[in-house]
Structures are given as structure tokens and as C-alpha cells.
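Analysis of the macromolecular model
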Amino acid sequence: MLLLLLLLGPLAACAAGPSLEDRGRVTAPPGDSRHLTVGSAGFTESDLLAQMYALLLGQAGYRTSLITVANRELYEPALESGRIDVVPEYAATFADWLNAKTHGADAPPAGSPDLAATMKALRALAAPRGLTVLDPGRAVDQNAFAVSRAYARAHGLKTLGDLGASGLKVRLAAGDECVRRPYCAPGLRKTYGIDVTGVDPKGVGTVPAKQAVAGGRDQLVLTTTTDATLDAFGLVLLADDKHLQNADYVVPVVNRARAGGRAVTEVLGRLNAVLTTADLAALNQRVDDWRRLPSDVARAYLKEKGLLK
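Residues numbered from 1 in each chain as written. Predicted model: local features only at pLDDT ≥ 70, side-chain atom pairs only at ≥ 80, totals over all residues. Heavy atoms only, no water.

Direction vectors running N to C along helix 3 (residues 44-59) and helix 12 (residues 262-272) enclose 125 degrees, while the axes themselves pass 10 Å from each other. Taken together, the axes of helix 3 and helix 12 are oblique relative to one another. The two elements helix 3 and helix 12 cross, and the hand of that crossing is right-handed. Facing helix 3, whose interface residues are Met 52, Tyr 53, Leu 56 and Leu 57, helix 12 presents Val 264, Val 267, Leu 268 and Leu 271. Class assignment for the residues of the contact of helix 3 with helix 12 results in eight nonpolar, no polar and no charged. (Axes fitted to C-alpha atoms, helices over the stretch in contact; angles between N-to-C directions. Helix = DSSP H or I, 4+ residues; strand = E, 2+ residues; numbered from the N terminus. Parallel < 35°, antiparallel > 145°, perpendicular 65-115°, else oblique. Left-handed = near helix turned anticlockwise from the far one by under 90°. Contact = heavy atoms within 4.5 Å. Nonpolar A, V, L, I, M, F, W, Y, C, P; charged D, E, K, R; others polar.)

Laid out in C-alpha cells, this is it:
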């Protein structure tokens, strides 16, 4: 907690990117500090990723510290200033966040379903702030929609396209913002032709939302691709076959001046080459349902994959 409190004071100074006197660190050769602080956003998946980053970096000879700052408005400026050196992020979401910070809340989105375009936009936004975005891995945590297994079986549904073609009327359990968000009810109607008759405001992937679909009150629930609890509710994801959702692939983001060198890139790249969306969902389950510590789950996974001795 002490470290978090220390972060709060100077953050405002770096909210608009490097100052004139600090811009040299943006164009200087990438750094390779031997003591790196790895940040987590404070939810299970971010904790797991941060733990895995720290373990791999530690094995490579770095001294690592972990810090949780559960607010992007705080941890992103700390990343710019070098008080945090490495964080796990999500490509499209982080691109949109940096874009709004740079160009204002009304700026057109920078993230999109196209991973290459999203990464190009993200790196262009990150570089002037002294940040380097490493290559995305195989794991993606994006919005997703699920139905009950019985409903899918009865109507032959495997994709959202199937649901649209079926002509079925569906009530959607989601957050109340789903009514206007382009990836949610409007996008389901426009992209897939799904007849969404209404939005049941039970939240994104919450227990009440899943129960509503499992019990037949609603037919569709908004959740995420790494939701590890779907099977327990008898739910299955419908594939986003027309790519409505943005490319929220897991990407490590580093402070260029302190952790932008090739060694860190190679170390974290080994995890990106192995970790899949299904793996991430299973790891989340071990923490959230099985009540295991993120550090223990992260270590066991890395050893299982031969990444940690």
C-alpha cells in the first residue's frame, strides 16, 4: 500500500506524455534496468499475467517487484514515468484509452476487430509516451456472447451468425450500456441480424445474468472469452464469426527507457507463444473457483509448459 500511495502524488505531471525535458527518454536506446516493477490492474486475470511476467523475468536474472494499481488512470502514467516498468494490457482497449487521452473522449476509436490495424494504432499512440508495446500473444480476452447448451442444441447454434439466421427473438442479459454500445445490442442487430427484443440489465458476465439465461428468462448473455464459469451454468459461447468484437489480445506494455531492450522482449515473448485463450480461462477458474493463489497458479502453469525450472 505504501508504494501505491507514493505513486499518487506525481502522476498528474505525466498525464499528457513526456515533458520537454524528459523527451530524450523517448528517443534514447531501449533500456535494460535489472530491477523491474511489474504492475497488475487488480483483477484475477491481470494478477495472473503479472505473476507470470515476474516469474519469467526473475528466472532471466532480473530483480522484480509486483504492485497492484487497480485503475488505468493511475497505472498508465506510472508506466510512463518508470515507476512501473511492465504491465499486461489488452490491445484494442488500451489503444482506445490512449487515443481518448491524447485526442479527447470524442475521438474516433483506435481499436478495431483488425489486430494488425489495432497494433499499428496502439504503437503510434504509445511511442510518444515512452512506451513500447510488445507483440500480442495467442490469448484474447474480448466480449463474447453465450447461450444455454440446451438452447444451442435445440436450434443448431454454434455461431452468432447461426443465431441471426435462425430468426429467433432473444432477450439479452448484459450491462445497461449494452443498449447503445456498438459491440453489443446495436452490433448484434446490424452485423448479425439478431432480433434482440430487449436488454435485461444484470451486468456483464455476472451470476444473475448467467442464471437468467440458464433458467430461460433470457436467451443470450454478454460475457468474455476467458470466462471460466460458463460450464457450471450450462452455457456455451457462440463464435463471433463476423468479427464484431475488437481485437483485445493480451499484450505486454513496457517503459522503453527501463525495459524496452531485447532481453525483456524475448523473455515475455516465450509466454505469448504458449498462452492461449483457453489456458487463460482455465487459470482464471483455478483462482476464482478453486480459490488458489494467483502466484501458485502462475508458477504451476509455467512449469507445466516448460517455461520455468
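Attention now goes to the confidence of the model for the protein chain. The share of residues in the protein chain with pLDDT of 70 or more is 91%, and the mean pLDDT across the chain is 91. Across residues 1-21 the pLDDT falls below 50, and counting only partners more than four positions away or on other chains, this stretch makes 31 contacts in the model. (pLDDT = per-residue confidence, 0-100.)

What follows deals with unusual backbone geometry. Positive phi outside glycine occurs at His 243, with the angle close to 55 degrees. If you trace the backbone, His 243 turns up in the loop between strand 9 (235-238) and strand 10 (250-255). Backbone geometry places Arg 291, a non-glycine residue, at a positive phi of 60 degrees.

With 16 residues, helix 3 ought to run about 22 Å at 1.5 Å a step, and its terminal C-alpha atoms sit 23 Å apart, in line with that. With twelve of 16 residues buried, helix 3 is to be regarded as a mostly interior element. Every buried residue of helix 3 is accounted for by Glu 45, Ser 46, Leu 48, Leu 49, Ala 50, Gln 51, Met 52, Tyr 53, Ala 54, Leu 55, Leu 56 and Leu 57. (Expected span 1.5 Å × (residues − 1). Buried < 20%, exposed > 50% of the residue type's maximum accessible area, 1.4 Å probe, protein only.)

What follows concerns the side chain of Ser 33. You can see Ser 33 is positioned in the loop between helix 2 (24-27) and strand 1 (35-40). Since its relative accessible area comes to 19%, Ser 33 is described here as buried. Polar side-chain contacts of Ser 33 include one of 3.2 Å to the backbone oxygen of His 35. Leaving out residues up to four positions away in the same chain, Ser 33 has contacts with Tyr 62 and Arg 258. (Polar contact = N/O pair within 3.5 Å; in protein donor to acceptor, adjacent residues only side chain to side chain.)

With that out of the way, let us pick up the nonpolar core. Counting 33 residues, the largest nonpolar core has Met 52, Leu 57, Leu 271, Leu 275 and Leu 302 as the members making the most contacts within it. Sorting elements by how many residues they give to this core places helix 3 first, with nine residues. The residues contacting Leu 57, other than those within four sequence positions of it, are Leu 36, Val 38, Tyr 62, Thr 64, Val 86, Val 264, Val 267 and Leu 268. Residues Phe 145, Cys 178, Leu 188 and Val 199 belong to the second largest nonpolar core, which totals 23 residues. (Core = buried A, V, L, I, M, F, W, Y, C linked by side-chain atoms within 4.5 Å.)

When you line up the elements, Phe 43 lands in the loop between strand 1 and helix 3. Judged by relative accessible area, which is 38%, Phe 43 ranks as partly exposed. Put simply, Phe 43 and Thr 68 are 25 residues apart on the chain and 9.2 Å apart in space, counted from C-alpha to C-alpha.

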